[in-house]
Amino acid sequence: RTLYTLTRPVFLIGFMGAGKTTMARRLARECGLICADTDRCMERKYGMSAKELYEQAGEEGFRQMEAETLEEFVQGEPRIIACGGGIVMGERSREIIRTCGFAVYVHVTADESAERISNHDSRPFFHSMESVRSVNQVRVPLYEELADVTVDSSSRTSGRMAYEVKDIL
Ligand code: S3P
């Protein structure tokens, strides 16, 4: 295990089910870094699941909470940050990601995403394959625009991706 020092936070962005959370944990463990997760942080703070929060606060409220969470993260020691899949829909969050750190786009296709998340109904958008596809279509250009580097999650475990990204930190 090598100890790394980050000069800037690393944001893991990408669609639901890409493996951002697992990857953040792996990277942090293997590199001796702190990891954080916007969903988990908000869940702890507000005492409900991300899905419940989304349903209660609405998309706009949820995006605002995400931006506040990111702001707190970037003020602290640089860390690996797993971002909620829809964080790129928030203008303030995009600005923070663009200006404050290094963004890794963890790519997953809409079909694969749907397959991975279909087992549990923990995401707000999983009503139909059509809704997953259309939400994905809007977001892909935003992920691409912010990405400093892209890793493809198809036929790769989160551990494998973490290993690849470790080399470019
Ligand atoms: C969302 C993705 C989820 C979570 C919330 C909304 C989205 O995060 O933030 O349910 O808008 O795509 P994951 O990408 O970790 O599933």
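Everything below is about the structure shown above.
Residues numbered from 1 in each chain as written. Predicted model: local features only at pLDDT ≥ 70, side-chain atom pairs only at ≥ 80, totals over all residues. Heavy atoms only, no water.

Draft legend 1. Geometry of the overall build of the chain. Helix and strand counts for the chain stand at 7 helices and 5 strands. Computed over the C-alpha atoms, the radius of gyration of the chain is 15 Å, within 12% of the 15 Å expected from 2.2 N^0.38 for a compact globule of 169 residues. Overall size of the chain, expressed as C-alpha extent along the three principal axes, is 40 × 35 × 30 Å. The proportion of buried residues among the 169 residues of the chain is 48%. Considering only residue pairs separated by 6 or more positions, the chain has 75% of its internal contacts joining residues 24 or more positions apart. Roughly 8,400 Å² of accessible area belongs to the chain as shown, and the carbon and sulfur atoms make up 47% of that amount. Distance from the positive charge centre (22 side chains) to the negative charge centre (26 side chains) of the chain: 5 Å. (Helix = DSSP H or I, 4+ residues; strand = E, 2+ residues; numbered from the N terminus. Rg over C-alpha atoms; globule rule 2.2 N^0.38 Å. Buried < 20%, exposed > 50% of the residue type's maximum accessible area, 1.4 Å probe, protein only. Contact = heavy atoms within 4.5 Å. Areas by Shrake-Rupley, 256 points an atom, 1.4 Å probe, with all protein chains shown as cover. Lys, Arg positive; Asp, Glu negative; His and termini not counted. Charge placed at Lys NZ, Arg CZ, Asp CG, Glu CD.)

Draft legend 2. A look at helix 2 (residues 38–46). Listing the buried residues of helix 2 in full gives T38, D39, C41 and M42. For helix 2, the angular spread of the buried residues around the axis is 165 degrees, confining them to a single face. Tucked inside the fold, the buried residues of helix 2 contact strand 2 (35–37), helix 3 (50–75) and strand 3 (80–82). N-cap assignment for helix 2: the residue whose side-chain oxygen lies 3.1 Å from the backbone N of D39 is D37. (Arc of directions from axis to C-beta. Polar contact = N/O pair within 3.5 Å; in protein donor to acceptor, adjacent residues only side chain to side chain.)

Draft legend 3. The pairing of strand 4 (residues 102–107), seen in detail. Burial within strand 4 is extensive, with 5 of its 6 residues counted as buried. Across 4 bridges, the pairing between strand 1 (residues 10–13) and strand 4 is parallel. Its bridge partner being in strand 4, F11 is matched across the sheet by A103. Judged from the 4 bridges that link them, strand 4 and strand 5 (residues 149–152) form a sheet pairing that is parallel. Its bridge partner being in strand 5, V106 is matched across the sheet by V151. (Pairing = 2+ DSSP bridges.)

Draft legend 4. Broad picture of helix 1 (residues 20–31). If you check helix 1, its first and last C-alpha atoms are 16 Å apart, about what 12 residues at 1.5 Å a residue would give, namely 16 Å. Of all the residues in helix 1, the buried ones are K20, M23, A24, L27, A28 and C31. The buried residues of helix 1 occupy an angular sector of 130 degrees when projected down its axis, which confines them to one face. Buried residues along helix 1 sit in contact with strand 1, strand 2, strand 3, strand 4, strand 5 and helix 7 (158–166). The positive-phi residue at the C-terminal boundary of helix 1 is G32, with phi of around 70 degrees. (Expected span 1.5 Å × (residues − 1).)

Draft legend 5. Main features of the site of the ligand. Around the ligand, the surrounding shell holds 13 residues, and the nearest of these are K20, D39, G85, R123 and R139. Measuring from an oxygen atom of the ligand, one finds a backbone N or O atom of G85 at 2.8 Å. Between the ligand and R139, the relevant distance is 2.6 Å, taken from an oxygen atom to a side-chain nitrogen or oxygen of the residue. Across the complex, the protein chains shield 96% of the 390 Å² of accessible surface that the ligand would expose by itself. No other element matches the 3 residues that helix 3 contributes to the shell around the ligand. Of the residues contributing to the shell around the ligand, the split by class is 4 nonpolar, 3 polar and 6 charged. (Near = heavy atom within 4 Å. Nonpolar A, V, L, I, M, F, W, Y, C, P; charged D, E, K, R; others polar.)

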